[in-house]
Amino acid sequence: MTDADLHAHLIDQQGSRRSLNTPALLIDADALDRNIAAMAGFAAGHALQLRPHAKTHKSPEIARRQLAAGAIGICCAKIGEAEVLADNSVTQGLHLTSPVVGAHAIARLVALNRRTSGLMCVVDNPENVSALGAAASGSGKPLNVVIDIDPGICRTGVGSPEAAVALLRAIELQRDLHYVGVQCYCGAQQHIHGFDDRRQAMEERARHVRAIIDALTEAGGRPEIVTGGGTGTHRIDPALGLFTELQVGSYVFMDAEYSACDLTGDGAPVPFETALLVDARVISNNTRGLVTLDAGFKAFATDAGVPAVVAGAPAGASYRFMGDEHGALLLPGGGTLPLGQVVTLATPHCDPTVNLYDTYHVVEGDTLRALWPVAARGRSR
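Residues numbered from 1 in each chain as written. Predicted model: local features only at pLDDT ≥ 70, side-chain atom pairs only at ≥ 80, totals over all residues. Heavy atoms only, no water.

Student: Report on the environment of G157, specifying residues and quantitative values.
Tutor: Tracing the backbone shows G157 in the loop between β6 (143-148) and α7 (161-172). On a C-alpha basis, the gap between G157 and V123 in space is 7.4 Å, while along the polypeptide they are 34 residues apart. (Helix = DSSP H or I, 4+ residues; strand = E, 2+ residues; numbered from the N terminus.)

Structural data, given as structure tokens:
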């Protein structure tokens, strides 16, 4: 049975959240909307554009809310994500943040370009530039390309001014490619816990990026768009005087990784709320001080530690993974919880946790308000 089969009849019933089959992936609707509004206001206040990243939520519904709040477009990690958004009427300003390589993938990219507005994709290799140019030449619509700059982790991107200028020259040879700017996403810097350490790391990376931009400008390729930034550095990015737009993603949900960071540097609380949750249920309580929940490795991404207990258990309770399907909830003082008790947990890492589920259960307090499909789940190609 699908989540709609199980839960559609619960929508708008008072207290219906308690009747959900678990584990269930939840969105706190009010917190989500406040997060979207807060980031939109921040960007507008600093004269920056927003192009939020859909790899976090994989949801056309959330993308539409971000656009309605003022975003100029949506970033996608893979072409499959972008296709799902376009299939669901999100066709404005899509940007592919990873290189699109291979004849079949490039053909899909060209087809996507024909049915969307303002599509961009990154490039970091002259061979790929040639392949994109050849595919775009017969499509009837030029393809916008962005030079990807390696921030120092050697994943994708050009790593030097010379390589960037050589790539610019390769783009200029392609009649149907339109160079629009550069991308530099400093992912390794996003989760540095201390604000001052994170700022220093970003200032150092900014010097690297600025040298490449200067070389491109001198070569006649001043970038119109400089896209990058992120949730972890959003309070730092404007002062760098580098980016024209931010690729923030996790701010919509927040997770343990970002909540552990000093995002503001001024002692203020984390500016975004935890909006992504998992409700689990007690299915066994035969051991004092320990109950078993129905949410294990298959319910959470495990790369960022264990989920935090948000509600449904006494203070001091802690979660431990107990296998694929189960988690142990350790209770202080040898306590216990009744069978069927719902325990709410926060996600350690939101993006890969979302990819484990088919549906968001959108709640207001204890009431289920909507079911949103995780439409781009599994679209990693």
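Next, the rest of the story.
Student: Run through the nonpolar core, naming residues and quoting values.
Tutor: L32, L96, L109, L143, I147, F253 and Y360 are the most contacted members of the largest nonpolar core, which has 101 residues in total. Counting residues per element, this core draws most heavily on helix α2 (residues 29-45), at eight residues. With near-sequence residues (within four places) excluded, L32 lies in contact with I27, I62, R65, V252, F253, A275 and W372. Within the second largest apolar cluster, seven residues are counted, among which are A24, L277, V363 and L368. (Core = buried A, V, L, I, M, F, W, Y, C linked by side-chain atoms within 4.5 Å. Buried < 20%, exposed > 50% of the residue type's maximum accessible area, 1.4 Å probe, protein only. Contact = heavy atoms within 4.5 Å.)

Student: Account for the sheet that holds strand β2 (residues 49-50), naming residues and giving values.
Tutor: Spatial strand order, β2-β9-β8-β7-β6-β5-β4-β3: eight strands in an open sheet with parallel pairing. The open sheet has two edge strands, β2 and β3 (74-76), and neither has a second partner. (Pairing = 2+ DSSP bridges.)

Student: Can you lay out the packing of helix α4 (residues 79-87) against helix α5 (residues 103-114) for me, pointing to particular residues and giving the numbers?
Tutor: When two helices pack together, their arrangement is given by the angle between the helix axes and the distance between those axes. Closest axis-to-axis distance for the α4/α5 pair is 11 Å, and the angle between their directions is 30°. Between α4 and α5, the crossing angle belongs to the class labelled roughly parallel. For the pair α4 and α5, the crossing hand works out as left-handed. Counting all contacts with α4, which are made through I79, G80, A82, E83 and A86, the residues of α5 involved are A105, R108, L109 and L112. In the contact of α4 with α5, the residues fall into six nonpolar, one polar and two charged. (Axes fitted to C-alpha atoms, helices over the stretch in contact; angles between N-to-C directions. Parallel < 35°, antiparallel > 145°, perpendicular 65-115°, else oblique. Left-handed = near helix turned anticlockwise from the far one by under 90°. Nonpolar A, V, L, I, M, F, W, Y, C, P; charged D, E, K, R; others polar.)

Student: Account for unusual backbone geometry, with residues named and values stated.
Tutor: Between T22 and the following residue, P23, the backbone shows a cis peptide bond with an omega angle of 0°. With a phi angle near 70°, S89 is a residue other than glycine that sits in the positive phi range. Despite not being glycine, M254 has its phi angle at roughly 60°, a positive value. Within the secondary structure, M254 is located in the loop between β9 (245-246) and α9 (256-259). A relative accessible area of 0% means that M254 is categorised as buried.

Student: Quick rundown of the pairing of strand β15 (residues 342-346)? Include the residues and the values.
Tutor: For β15, the tally of buried residues reaches four of five residues, placing the bulk of the element in the interior. By the bridge criterion, five bridges tie strand β10 (residues 276-287) to β15 in an arrangement that is antiparallel. Within the sheet, the bridge partner assigned to R281 lies in β15 and is V342. Relative to β15, strand β12 (residues 308-311) runs antiparallel, the two being bridged by three bridges. When the sheet's bridge partners are listed, A308 is paired in β15 with A346.

Student: Residue-level account of the pairing of strand β1 (residues 24-28), with values.
Tutor: Among the five residues that make up β1, four are buried, leaving the element largely enclosed by the rest of the structure. Strand direction decides the pairing type here: β1 and β10, joined by four bridges, are antiparallel. When the bridges of β10 are listed, A24 appears paired with D279. Pairing of β1 with strand β16 (residues 359-364) involves three bridges; the strand directions are parallel. When the bridges of β16 are listed, L26 appears paired with H361.

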